[in-house]
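Listed below, chain by chain, are the residues.
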Amino acid sequence: MSDENLSPTLDWRDGTPIATRFDDPYFSLASGPEETRHTFLAGNDLPARLCAGFHIAELGFGTGLNALVTAAAWRGAGRLRYTAFEAYPMALDDMARALAAFPEIDANALLDQWPSDRIALPGVDLEVVRGDVRETLPVWTGRADAWFLDGFAPAKNPEMWEPCLMVEVARHTAPRGTFATYTAAGHVRRALAEAGFTVRRVPGYGRKRHMSRGVLA
Ligand SMILES: C[S@@+](CC[C@H](N)C(=O)[O-])C[C@H]1O[C@@H](n2cnc3c(N)ncnc32)[C@H](O)[C@@H]1O
């Protein structure tokens, strides 16, 4: 099947793309980049830990917003690695429309190269691993220093939060590597703890009271 056939069907609400299949938004328009910086960057002690060769992995590439915000936060010499797992790659037009809501974020390099699997962003080598992450992560040979766990809401997209997938996340984490996610759902925190992370519940962004972060014990 071609990627075009797998592209998600979207609804749009106030400029925010909603995945029809999951009935959930890719991000909240009210927050966008700020939420990425709070939840995924600060939740992994970034950008302070960034250095050349630092490897970030993401469950759920979506619009690419998290990757672009990360690239914008990296000011050092050398290049970061960013591996994103995505089952339903967005159509180029939809990605451009979604990212147009954030004119302060330079999306040109991503949009010029999408839907290539390997994309050179400023300062970042991005790889997009296509397919259901329950199949692609177990056979991935990499190890991330920091994970962005960004599936849709656990109640709507439970396959992105299964305990056996969290075991694979831990197995593909470098020693003392970290994760961050916007959800504080008890079953997700328990699964991550059982997989080997020391998990903390911390204040979330905006109206989200809590999020979760952790370090591989
Ligand atoms: C909340 S969105 C991610 C938003 C994204 N990080 C961004 O910056 O725009 C969740 C993503 O998970 C993807 N997804 C859902 N189930 C998946 C699965 N089983 N395997 C891989 N990706 C999946 C969806 O297609 C969607 O792009």
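Values in this document were obtained by computation on a predicted structure and should not be read as measured data.

Break down the environment of S7 for me, citing the residues and quoting the values.
Looking at the element boundaries, S7 is found in the loop between α1 (3–6) and β1 (10–13). Along the sequence, S7 and I119 sit 112 residues apart, while their C-alpha atoms lie 19 Å from each other. Looking at S7, its side chain comes within polar contact range of the main-chain oxygen of P89, at 3.4 Å.

I'd love a proper account of the environment of A71, names of residues and values included.
For A71, the location among the structural elements is in helix α3 (residues 65–73). As for A71 and D45, which are separated by 26 residues in sequence, their C-alpha atoms are 15 Å apart. Those residues in contact with A71, other than ones at most four positions away along the chain, are L121, P122 and V124.

Provide a residue-level description of the pattern of salt bridges, including the pertinent values.
Taken as a whole and judged by the stated rule, the model has 10 salt bridges. Residue R130 pairs with D117 through a salt bridge whose shortest N-O separation is 2.5 Å. Linking R130 in strand β7 (residues 124–130) with D117 in the loop between α5 (108–113) and β6 (118–121), this pair joins segments that are 13 residues apart in sequence. A relative accessible area of 38% places D117 in the partly exposed class. Among the ionic pairs, E127 bridges to R118, the shortest N-O distance being 3.3 Å. Among the residues examined, E127 registers a relative accessible area of 22% and is labelled partly exposed. When salt bridges with common partners are traced through the structure, they connect D23, D24 and K156 into a single cluster.

Explain the packing of helix α7 (residues 163–171) against helix α8 (residues 186–195) to me, and be specific about the residues and the numbers.
Between α7 and α8, the shortest axis-to-axis distance is 8 Å and the interhelical angle comes to 45°. The angle between α7 and α8 falls in the class oblique. The two elements α7 and α8 cross, and the hand of that crossing is right-handed. Across from P163, M166, V167 and A170 in α7, the residues of α8 making contact are A191, L192 and A195. Taken together, the residues of the contact of α7 with α8 sort by class into 7 nonpolar, no polar and no charged.

What counts, and at which threshold
- For every chain, the first residue of its written sequence is number 1, and the numbers climb from 1 along that sequence.
- With the structure being a predicted model, the display of local features is reserved for residues of pLDDT at least 70 and the display and counting of side-chain atom pairs for 80 or more, all residues being used for whole-chain, interface and lining totals.
- Only hydrogens and water are removed before side-chain values are computed, so all heavy atoms of the structure are retained for them.
- Helix and strand assignments come from DSSP, with helices taken as H or I runs of at least 4 residues and strands as E runs of at least 2, each series counted from the N terminus.
- Any pair of N or O atoms that falls within 3.5 Å is considered a polar contact. Within protein, one atom must be able to donate a hydrogen and the other to accept it, and sequence-neighbouring residues count only if both atoms are side-chain atoms.
- Whether two residues are in contact is decided by their heavy atoms: any pair within 4.5 Å suffices.
- By convention in these notes, a salt bridge is any Lys or Arg side-chain nitrogen within 4 Å of a carboxyl oxygen on Asp or Glu.
- Between buried and exposed lies partly exposed: a residue is buried under 20% and exposed over 50% of the maximum accessible area for its type, with that area taken using a 1.4 Å probe on protein chains only.
- Interaxial angles span 0 to 180 degrees and are taken between N-to-C directions of axes, which are lines fitted to C-alpha atoms, for helices over the stretch in contact.
- Any angle from 65 to 115 degrees is called roughly perpendicular, while one under 35 is roughly parallel, one over 145 is roughly antiparallel, and all others are oblique.
- The sense of a crossing depends on the near helix, which, turned anticlockwise from the far helix by less than a right angle, makes the crossing left-handed and, turned clockwise, makes it right-handed.
- Polarity classes work like this: nonpolar for Ala, Val, Leu, Ile, Met, Phe, Trp, Tyr, Cys and Pro, charged for Asp, Glu, Lys and Arg, and polar for all others, with Gly in that last group.

In short, shape yes, function no, at least from these values alone.
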